[in-house]
Amino acid sequence: MGAAMRRIHVGNALSAFGLGFTVPYLYVYVAQVRGLGAMTAGLVLAVFAVAALIVLPFAGRAIVRRGPLPVLLAALVAAAVGALSLGVSGSAAAVLLSAAVLGAGQAVMQPALATMIVDCSSADTRSRAFATQFFLQNLGLGVGGLIGGHLVDTTRVSSFTLLFSIEAAMFLLLVVVLATVRMPHSPRVEEAPAGSARGGWKQLLGNRAMVQLCVLGFVLFFACYGQFESGLSAYGVEAAGISTSALGTALAANTLMIVVAQFAVLRFVERRRRTRVIAAVGLIWAVAWAVAGYAGLGDASPEMATAAFVSTYALFGLGEAMLSPTVAPLVADLAPSGMAGQYNSAFALVKQLALAVGPAVGGPLGASLHGPYIVAFFLFSLGMSVLAVRLGRELTDVQDRPWAARSRVVARGAEPVPADV
């Protein structure tokens, strides 16, 4: 990795580390420690999603016009202000306003960092770069959450103020780390569709492959990430009788699977068609939902039900490890020259929509209609595989098989290297 990429990965780890301090305890902080009630805590979580949906359509254009680094630095400062103010807010209005600022900053970070990775990598190295990013994100979140759990005390508001202060400090440290990064030009794949920054959303919506990838992405995030802390956990508690400690073990198993398997999986997926990898993940997640069905609907002992439920989360982690070096690089290779920021923001917007709709649908369904819940998301996972196969028909051979383009990847603006060189 070059110096710029190293700093990007360090920054990514720091931001995830800071988020890990507060994300697991946000609901408890607002509802119980500040005494604002479950309604306000639920609104805070909703505000995060709404803020992201508002800013992301503008973030893409800003990244295209100004570059990802200035946009990222502005987002980090906003997130630091939001985190710090959230830690000292005592009223519902102040908490909601702080959450909006923090949520907006966090949302813009994602496409900005993704675009920086695109600009600092080639088609040859992009999958590994995004795999490293995902690995460090989960490692940072896990370590931050573990340390935060030892610092937090629900009887002392000051302990939560400390957590939010640490989060803000991590964002500001990331500003220092990235402020002097020198961004190179992004290498491009020859077959990537041509275009310019003008045309924006209209041009993106005219890219049939990108539209299909966004539909696939919505199903992907809705059926997996949107269920982790809502529908699936509610199903586990209500149908399978899973204890809260076992639920924590399941979440830990998910993170552990990603951390342990990420680079081993990378060796497998780097030489496979991207759409085939996504289709395989759909099948793995279908198996995961079937195992969850056994945990809650089958005639299993409490120990077997717990083991099956933990295995469900581990299988989801395996699928996530396969997707991290696959989906994000595909978004980048579908983007016309100079439009990576717009495409990354659009895909981040789809993700936020899915994460907003997923808990709203999955939570009540998983808590009360156990059989229909499992069947529905089992079918959603199979639908992922179908959509992935259909997407493969819209991609060029180079976009679906990036390793085949090694001799054809050139720096942006240069002439293509002849295939026989």
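Scroll up for the structure.
Residues numbered from 1 in each chain as written. Predicted model: local features only at pLDDT ≥ 70, side-chain atom pairs only at ≥ 80, totals over all residues. Heavy atoms only, no water.

**Quick word on the nonpolar core**
- In this structure, F171, M210, L213, L232, W285 and F309 are the most contacted members of the largest nonpolar core, which totals 116 residues.
- Contacts of W285, omitting those with residues within four sequence positions, involve L220, C224, L315, F316, G319, E320, L323, S381 and M384.
- Of all hydrophobic cores here, the second largest spans 5 residues; its members include A52, L56, A348 and L349. (Core = buried A, V, L, I, M, F, W, Y, C linked by side-chain atoms within 4.5 Å. Buried < 20%, exposed > 50% of the residue type's maximum accessible area, 1.4 Å probe, protein only. Contact = heavy atoms within 4.5 Å.)

**Remarks on the pattern of salt bridges**
- Inspection of every chain in the model, using the stated rule, returns 5 salt bridges.
- Among the salt bridges present, the one from D397 reaches R273, with a minimum N-O distance of 3.3 Å. Placement of D397 in helix α17 (residues 397–400) and of R273 in the loop between α11 (244–269) and α12 (274–297) is noted, with a sequence separation of 124 residues between them.
- A relative accessible area of 36% means that D397 is categorised as partly exposed.
- A residue is classified by how much of its surface remains accessible, and R273, at 28% relative accessible area, is partly exposed.
- Salt-bridge contacts for R273 lead to D400; the nearest nitrogen and oxygen are separated by 3.5 Å. With R273 in the loop between α11 and α12 and D400 in helix α17, the pair connects residues that are 127 residues apart, well separated along the chain. (Salt bridge = Lys/Arg side-chain N within 4 Å of Asp/Glu carboxyl O. Helix = DSSP H or I, 4+ residues; strand = E, 2+ residues; numbered from the N terminus.)

**What about helix α16 (residues 370–392)?**
- For α16, spanning 23 residues, the distance from its first C-alpha to its last is 34 Å, which sits close to the expected 33 Å at 1.5 Å a residue.
- Taken residue by residue, α16 has Y373, I374, F377, S381, M384, S385, A388 and L391 as its buried positions.
- Buried positions along α16 lie against α9 (208–223), α10 (231–238), α12, α14 (327–334) and α15 (340–368). (Expected span 1.5 Å × (residues − 1).)

**Observations regarding α14**
- Of all 8 residues that make up α14, 7 are buried, and the element is covered over most of its length.
- For α14, the complete set of buried residues consists of V327, P329, L330, V331, A332, D333 and L334.

**Some remarks on the state of the cysteines**
- All chains considered together, the criterion is met by 0 disulfides.
- For the unlinked cysteine C214, the closest cysteine sulfur is that of C224, found at 18 Å.
- Here C214 falls in the buried class, since its relative accessible area comes to 12%.
- The class for C224 is buried, based on a relative accessible area of 1%. (Disulfide = S-S within 2.5 Å.)

**Considering the packing of aromatic side chains**
- One pass over the full model with this rule turns up 15 aromatic pairs.
- Judged by centre distance (5.1 Å) and plane angle (75°), the ring pair of F222 and F380 falls under edge-to-face. Residue F222 is located in helix α9, and its partner F380 is located in helix α16; the two are separated by 158 residues in the primary sequence.
- The class for F222 is buried, based on a relative accessible area of 6%.
- The class for F380 is partly exposed, based on a relative accessible area of 32%.
- Ring-pair connections join several aromatic residues into one group, and the members of that group are F218, F222, Y235, W285, W289, F316, Y373, F377 and F380. (Phe/Tyr/Trp six-rings, centres within 6.5 Å; stacked < 30°, edge-to-face > 60°.)

**So, the packing of helix α5 (residues 92–119) against helix α6 (residues 126–151)**
- Axis separation between α5 and α6 bottoms out at 10 Å; the angle between their running directions is 145°. You can see that α5 and α6 cross each other, and the crossing is right-handed. Two secondary-structure elements touch here, α5 through L113, A114, I117 and V118 and α6 through R126, A129, F130 and Q133.
- Residue classes in the contact of α5 with α6 are distributed as 6 nonpolar, 1 polar and 1 charged. (Axes fitted to C-alpha atoms, helices over the stretch in contact; angles between N-to-C directions. Left-handed = near helix turned anticlockwise from the far one by under 90°. Nonpolar A, V, L, I, M, F, W, Y, C, P; charged D, E, K, R; others polar.)

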